[in-house]
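Summary of the model geometry
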Amino acid sequence: MAELKPFKLPDVGEGLTEADILRWDVKVGDPVAVNQVLVEVETAKAAVELPAPFAGVVHAIHFEEGATVDVGTPIITIRVGEGEVAETAPATGPTADGGDLVPSPPVDGGAAADRPASAAERPAASKAGRESVLVGYGVSGERGRRRRRVAREEAPSANDAFGVTPGAHAANAVLPTGRAVLAKPPVRKLAKTLGVDLSNIVATGPNGSISRLDVEEAAKSEAPRRGSGSAPTAGAETRIPIKGVRKHTAAAMVASAFTAPHVTEFVTLDVSEMMALRERIAARREFRAVKVSPLLFVARAVLWAAKRTPIINSTWDESAGEIVVKHYVNLGIAAATERGLIVPNIKNADSLSLLELAESIGALTDTARAGRTSPADMAGGTFTITNVGVFGVDTGTPILNPGEAGILAFGAVRRQPWVVGTGEDERIEPRWVTQLAVSFDHRSVDGQQGSEFLADVAAVLRDPGLALL
Amino acid sequence: MTLHGHVPPEPDLVQLLTPEGTRVQHPDFPLEITDEEIKSLYRDLALVRRFDGEATALQRQGELGLWASCLGQEAAQVGAGRALRTQDMAFPTYREHGVAWCRDVDPVTLLGMFRGVSLGGWNPNENNFNLYTIVLGAQALHAVGYAMGVTRDGAVGTGEPDRDTAVLAFFGDGASSQGDVNEAFIWAAAGNLPVVFYCQNNQWAISEPVERQSRVPLFHRAAGFGFPGIRIDGNDVLACLAVSRVALDEARSGQGPTLIEAYTYRMGAHTTSDDPTRYRLSEELETWKHRDPIERVRAYLVRQAGVAQDFFDGIDAEAEELAVRIRAACRALPDPGPLSVFDNVFVDLPDELAEQREGYREYLSAFEGAGH
């Protein structure tokens with residue numbers, strides 16, 4: 001009887017979770033000997049050749065060159081022995097342990113028809129498969145075969161000693177979570193001492209286990225409830241799945257914050273003249289249909305200043321080893337929507353008239369609020385403005401939209417006391433005052449350039465006539 | 001001529017067998033050795049290499065978490081290992097598979113730690129081979145401590161060949177920069193201890209070349225501590241054997257410590273987690289291939305000793321058998337039982353721990369299928 005034996009991608013480098021298939025040295029139908037090189041894979045640490053663990057004939061190759069594969073996933077199946085394939089299906093890869101599933105990997109077209117049952121299971125390479133453990137030691141099904149503890153009357157003393165509630169595992173079977181409570185013996189002891197029910201605790205420890213801190217927190221939140229006589233309820237916290245826009249935003253912010261060294265500078269300025277100009281323009285006939293907001297003038301000022309400091313409108317291209325200075329401005333406007341933060345941009349904003357720019361900003365925000373912003377609207381931005389002032393906030397330290405070199409935060413415009421005039425004429429007057437903050441990528445933008453850019457934006461908002469220069 | 005009167009001319013290194021397989025004499029280190037003995041050394045080298053290669057493959061197949069290959073350093077290890085007497089004690093790093101072989105530690109046992117099923121696996125007192133030490137250089141201090149004990153036991157300088165004991169401490173060029181190793185040098189010199197420091201300079205401390213760690217050849221460092229140092233061709237098993245014998249003899253006779261720098265090359269990666277192509281040039285590897293420690297012994301046996309092909313075929317077959325045995329035995333290594341944590345720390349288990357073990361046993365027996 002022949003047997004189909006899958007070879008799972010091992011962790012070749014102490015704690016790696018995945019590898020890229022670089023090159024297959026065998027194809028379906030090839031005979032292979034023990035330790036014959038099958039494939040070269042590249043991990044975060046090294047490119048290594050994987051030798052065959054058993055002799056036989058290549059039955060199926062599960063991933064094409066270039067594919068990224070999770071550790072523990074079968075990458076090749078070898079037919080070992082002579083004759084018909086045994087009825088019993090070979091051991092499958094890691095079984096699903098819950099959690100998000102690894103997307104179905106590309107399958108060798110020629111091998112798809114006769115691929116083994118295990119290949120169909122492959123998408124089930126679970127979260128557990130990402131853990132840095134050895135193949136054969138933990139990621140695979142063995143983990144699921146945890147022996148259940150049985151309540152034994154003759155062993156209560158040991159239970160007491162280890163702070164274990166007898167029969168706790170059986171009780172867990174009917175918990176809403178449907179999962180066994182994981183906690184170390186000292187933590188169980190603590191819970192018992194504090195009178196906290198482990199099954200009601202939200203676990204934040206490693207591998208979903210309940211930590212000492214979790215128990216202490218739970219004891220704190222339960223104490224007043226017990227005092228007031230009401231029954232303790234679960235739900236002192238709300239668990240929000242990280243997905244969609246939130247997930248994207250998080251990834252983008254992390255990527256940006258930890259690749260581009262941010263510098264943020266601030267300026268406080270009197271924008272009374274800009275506010276006056278805004279009133280005059282809003283009164284004009286052709287602007288009747290559009291919103292003439294302070295943001296419009298800030299956008300215009302940014303476009304004007306970016307022409308004078310082009311580096312602020314650039315991209316750091318790490319792979320090419322180049323700084324790409326854009327001769328167009330796709331101006332992003334950060335918008336708060338129900339789905340979260342999105343940053344659509346106005347293409348070639350620098351070529352628009354003030355009216356066109358006003359129309360574009362209006363259309364952009366309407367589309368965003370309606371949740372109809374397309375991916376194309378959000379792609380290719382070169383500089384971003386975030387209008388934190390609409391929340392009544394003065395300023396902030398914005399994080400760059402990934403790929404951009406600058407972002408400007410526009411604070412609330414308020415009536416504030418301001419020193420005007422000089423010499424004998426110097427006095428305090430109520431004026432329209434705001435704050436601007438610009439963050440820039442210090443890899444490409446020097447302090448001087450960033451400062452000049454911010455000073456230019458401030459200058460033209462303080463005295464819009466400068467734009468005539 | 002003794003080591004303690006020897007001043008090595010720079011950049012001399014002791015060599016008794018050239019890379020081409022020609023036997024040469026060294027005025028200070030004559031070696032009486034028969035062709036039969038050289039054949040047995042060849043067998044050691046070939047089997048150690050085969051075992052090491054199999055372990056590397058097993059790691060790539062997910063059977064071991066990690067493997068530190070000794071490829072290229074077989075002669076340095078076998079030469080030193082075969083210079084030991086039964087009562088001598090060796091303190092290895094985690095790469096001394098060739099020394100373990102000479103001390104009769106079953107290669108399968110070595111795999112246990114790298115598979116994560118044991119914390120050592122052999123009784124150091126039975127093989128006179130300490131457990132592998134992962135902490136860089138720490139074993140140099142253990143060796144010195146052991147040598148202090150040997151001195152207090154009066155097992156030095158008695159003139160009885162089966163009683164006088166030497167200690168052999170292994171470490172690499174990288175560990176020679178560690179504080180532990182330097183402290184060990186100081187203690188060894190201060191106590192005139194019967195310890196031989198055996199540094200396999202394989203040129204690379206992972207990715208750090210040795211010339212960035214030391215302005216002087218490593219064996220010159222011994223002078224600063226007040227004992228002799230010598231550099232030998234670490235790819236020449238005969239030189240390694242000859243000089244180790246002299247150094248160990250001098251240690252046993254009470255003349256104090258020696259530093260031997262076995263000048264060799266790590267042909268493979270630092271460990272299976274490392275990719276040496278990222279930091280060293282292939283030309284360097286090619287140069288060292290011509291100095292292979294096994295090929296020169298084979299060349300000698302064929303050209304100068306007239307050994308027939310049968311002998312080599314026999315060794316190859318034995319190596320293959322060894323590989324097959326290791327492969328199967330590695331996969332069959334049992335997982336340790338949870339109660340084994342109580343073993344091997346105390347000779348006599350204290351009452352409190354015995355009580356804990358009993359409680360734990362009872363706890364474990366409360367699970368389904370516990371078999372109690």
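Numbering of residues starts from 1 in every chain and runs along the sequence as written. Here chains are named by letter from A upward and ligands by number from 1 upward, in the order in which they appear as written. At least 70 in pLDDT is required for a residue's local features to be given in this predicted model, at least 80 for side-chain atom pairs to be given and counted, and no such filter applies to totals for whole chains, interfaces and linings, which use all residues. The side-chain numbers reported here are obtained from all heavy atoms of the structure, hydrogens and water having been left aside.

1. Concerning the packing of helix α6 (residues 138–152) of chain B against helix α7 (residues 179–191) of chain B
Two numbers describe a pair of packed helices, the interaxial angle and the distance between the axes. Residues and elements named next belong to chain B. Basically, it comes down to this: Axes here mean lines fitted to C-alpha atoms, for a helix over just the part in contact, with angles spanning 0 to 180 degrees between N-to-C directions. Labels follow the DSSP assignment, with helices taken as runs of H or I lasting at least four residues and strands as runs of E lasting at least two, numbered in each case from the N terminus. For classification, angles of less than 35 degrees are called roughly parallel, those exceeding 145 degrees roughly antiparallel, those between 65 and 115 degrees roughly perpendicular, and all remaining angles oblique. Rotating anticlockwise by less than a right angle from the far helix to the near helix defines a left-handed crossing, while the corresponding clockwise rotation defines a right-handed one. Residues count as neighbours in contact if any of their non-hydrogen atoms are within 4.5 Å of one another.
At a minimum axis separation of 7 Å, α6 and α7 run at an interaxial angle of 20°. One way to sum up the angle between α6 and α7 is to call them roughly parallel. In the packing of α6 onto α7, the handedness of the crossing is left-handed. Where α6 abuts α7, its residues Ala138, Ala140, Leu141, Val144 and Met148 lie against Asp180, Val181, Glu183, Ala184, Trp187 and Ala188.

2. Quick look at α6 of chain B
Residues and elements named next belong to chain B. Rules: What a helix should span is 1.5 Å times the count of its residues minus one. Relative accessibility thresholds used throughout: buried, under 20% of the residue-type maximum; exposed, over 50%; partly exposed, between the two (1.4 Å probe, protein chains only).
Here α6 contains 15 residues, and its C-alpha end-to-end distance of 22 Å stays within 8% of the 21 Å for a straight helix at 1.5 Å per residue. Taken residue by residue, α6 has Ala138, Gln139, Ala140, Ala143, Val144, Ala147 and Val150 as its buried positions. Summarising the contacts, the buried residues of α6 are in contact with β1 (89–91), β2 (167–172), α7 and β3 (195–201). Following α6 by one or two positions, glycine 154 adopts a phi angle in the positive range, close to 70°.

3. Concerning the nonpolar core
Inclusion rule: We define the nonpolar core as a collection of buried residues of types Ala, Val, Leu, Ile, Met, Phe, Trp, Tyr and Cys that are connected through side-chain atoms lying within 4.5 Å of one another.
Among the nonpolar cores identified, the biggest contains 73 residues, and Leu111, Tyr198 and Leu238 of chain B are the most heavily contacted of them. Of all hydrophobic cores here, the second largest spans 49 residues; its members include Phe297, Ile346, Val445 and Leu454 of chain A.

4. Remarks on the sheet that holds strand β2 (residues 18–24) of chain A
Residues and elements named next belong to chain A. Which entries qualify depends on this criterion: Two strands pair if DSSP finds at least two bridges between them.
Spatial strand order, β5-β4-β2-β7: 4 strands in an open sheet with antiparallel pairing. Looking at which strands have only one partner, the edges of the open sheet turn out to be β5 (47–51) and β7 (68–70). Taken over all neighbouring pairs, the strand axes of this sheet differ in orientation by 40° on average, direction set aside. Pairing of β2 with strand β4 (residues 37–42) involves 4 bridges; the strand directions are antiparallel. Bridging across to β4, isoleucine 21 finds its partner in valine 41.

5. Here's the deal with the pattern of salt bridges
Side chains that carry opposite charge are capable of pairing whenever their charged atoms lie near each other. The following threshold applies: For salt bridges, the criterion is a side-chain nitrogen of Lys or Arg within 4 Å of an Asp or Glu carboxyl oxygen.
Scanning the model with the defined rule gives 34 salt bridges over all chains in all. Arginine 50 of chain B is the salt-bridge partner of glutamate 320 of chain B, the closest N and O atoms lying 3.3 Å from each other. Taken as a pair, glutamate 320 of chain B in helix α12 (residues 309–331) and arginine 50 of chain B in helix α1 (residues 35–60) lie far apart in primary sequence, 270 residues in all. Glutamate 320 of chain B gets classed as partly exposed once you look at its relative accessible area, which sits at 41%. In this structure, a network of salt bridges that share partners links the residues Asp270, Asp425, Arg427, Glu429 and Arg431 of chain A.

6. A look at the environment of valine 196 of chain B
Residues and elements named next belong to chain B. Assignment of secondary structure puts valine 196 in strand β3. Taking C-alpha positions, valine 196 is 9.8 Å from alanine 140, a pair spaced 56 residues apart along the chain. In contact with valine 196, not counting residues within four places along its chain, are Val167, Leu168, Ala169, Ala247, Leu248, Ala251, Thr258 and Ile260.

7. Structural notes on the sheet that holds strand β7 (residues 258–263) of chain B
All names here are of chain B. Taking strand neighbours across the sheet as the criterion, the 5 strands line up as β1-β2-β3-β7-β6 in an open arrangement whose pairing is parallel. Both edges of this open sheet fall to β1 and β6 (229–233), since each of them pairs with a single strand only. Along the sheet, successive strands turn relative to each other by an average axial angle of 20°, direction set aside. Summarising the sheet, β3 and β7 pair through 6 bridges and their orientation is parallel. Residue cysteine 199 lies in a different strand from β7, and its bridge partner there is glutamate 261.

8. Some points on the packing of helix α9 (residues 294–308) of chain A against helix α12 (residues 447–462) of chain A
Residue and element names in this part refer to chain A. Relative orientation of the contacting elements α9 and α12 amounts to 135°, with a least axis distance of 8 Å. One finds that α9 runs oblique with respect to α12. Considering how the two elements wind past one another, α9 and α12 form a crossing that is right-handed. Residues Phe297, Val298, Ala301, Val302, Trp304, Ala305, Ala306 and Arg308 of α9 form the contact with α12, whose own contacting residues are Phe453, Asp456, Val457, Val460 and Leu461.

9. A look at empty space enclosed by the protein
All names here are of chain B. We apply this condition: Here a cavity is any set of points on a 1 Å grid over the protein atoms alone where a 1.4 Å probe fits but cannot get out, and a pocket is any open set with protein on both sides within 12 Å along at least 5 of 7 lines; a residue lines the site when it has an atom within 4 Å of a point. Grid points are joined across faces, edges and corners, and a volume is the space filled by probe spheres set on the points. Think of it as three bins: nonpolar holds Ala, Val, Leu, Ile, Met, Phe, Trp, Tyr, Cys and Pro, charged holds Asp, Glu, Lys and Arg, and polar takes everything else, Gly as well.
Counted according to the given criterion, the structure contains 4 cavities of 30 Å³ or more. Looking at the second largest cavity, the residues that line it are Phe171, Ser176, Phe185, Cys199, Leu218, Arg221 and Leu259. When the residues that make up the lining of the second largest cavity are grouped by side-chain class, the tally is 5 nonpolar, 1 polar and 1 charged.

10. Overview of the layout of surface pockets
Residue and element names in this part refer to chain B. Considering only enclosed or pocket space, the second largest pocket measures out at about 890 Å³ in volume. Together, 30 residues line the second largest pocket, and Thr56, Arg60, Leu71, Gly268 and Ala269 are the ones closest to its centre. Per-element accounting of the lining of the second largest pocket gives the leading share, 6 residues, to α1. Within the lining of the second largest pocket, the residues separate by chemical class into 13 nonpolar, 9 polar and 8 charged.

11. Considerations on unusual backbone geometry
Negative phi characterises most residues that are not glycine, and trans characterises most peptide bonds. Here the phi dihedral of asparagine 348 of chain A falls at roughly 50°; this positive angle occurs in a residue that is not glycine. Mapped onto the elements of the fold, asparagine 348 of chain A is located in the loop between β15 (345–346) and α10 (354–369). With a relative accessible area of 39%, asparagine 348 of chain A lands in the partly exposed category. Residue asparagine 192 of chain B is not a glycine yet carries a positive backbone phi of 45°.

12. Looking at the confidence of the model for chain B
Using the following cut-off: The predictor attaches a confidence to each residue, and that confidence, scored 0 to 100, is pLDDT.
Mean pLDDT over chain B works out to 94, with 97% of the residues at or above the 70 mark. Across the interface, the model reports ipTM at 0.78; the global pTM reads 0.57.

13. Comments concerning the pairing of β4 of chain A
All names here are of chain A. When β4 meets β5, the two strands line up antiparallel, connected through 5 bridges. Within the sheet, the bridge partner assigned to glutamate 42 lies in β5 and is alanine 47. Count of turn residues in the β4/β5 antiparallel hairpin: 4 residues.

14. What about the side chain of threonine 165 of chain B?
Residue and element names in this part refer to chain B. Where we set the bar: Think of a polar contact as two N or O atoms within 3.5 Å of one another; within protein, one of them needs to be a possible hydrogen donor and the other a possible acceptor, and neighboring residues in sequence only count if both atoms come from side chains.
Structurally, threonine 165 is set in the loop between α6 and β2. Polar contacts involving the side chain of threonine 165 include one to the main-chain carbonyl oxygen of arginine 163, which spans 2.8 Å. Residues within four places of threonine 165 in sequence aside, it is in contact with Gln87, Asp88, Val150, Ala155, Val156, Pro194 and Arg252.

15. Considerations on the packing of aromatic side chains
We apply this condition: Two rings from Phe, Tyr or Trp (for Trp, the six-membered ring) form a pair when their centres are within 6.5 Å of each other. A pair whose planes differ by under 30 degrees is stacked, one over 60 is edge-to-face, and the rest are tilted. The criterion is that NZ of a Lys, or CZ of an Arg, lies within 6 Å of the ring centre and within 35 degrees of the ring normal, and then a charge sits over that ring.
Counted by the stated rule, this structure contains 25 aromatic pairs over all chains. Pairing tyrosine 263 of chain B with tryptophan 288 of chain B gives two aromatic rings, centres 6.1 Å apart and planes at 45°, and the pair type is tilted. In this pair, tyrosine 263 of chain B sits in strand β7 while tryptophan 288 of chain B sits in helix α10 (residues 282–289), placing the two residues 25 residues apart along the sequence. Tryptophan 288 of chain B sits in the buried class, given a relative accessible area of 8%. Positioned above the aromatic ring of tryptophan 432 of chain A, the side-chain terminus of arginine 415 of chain A is 5.2 Å from the ring centre.

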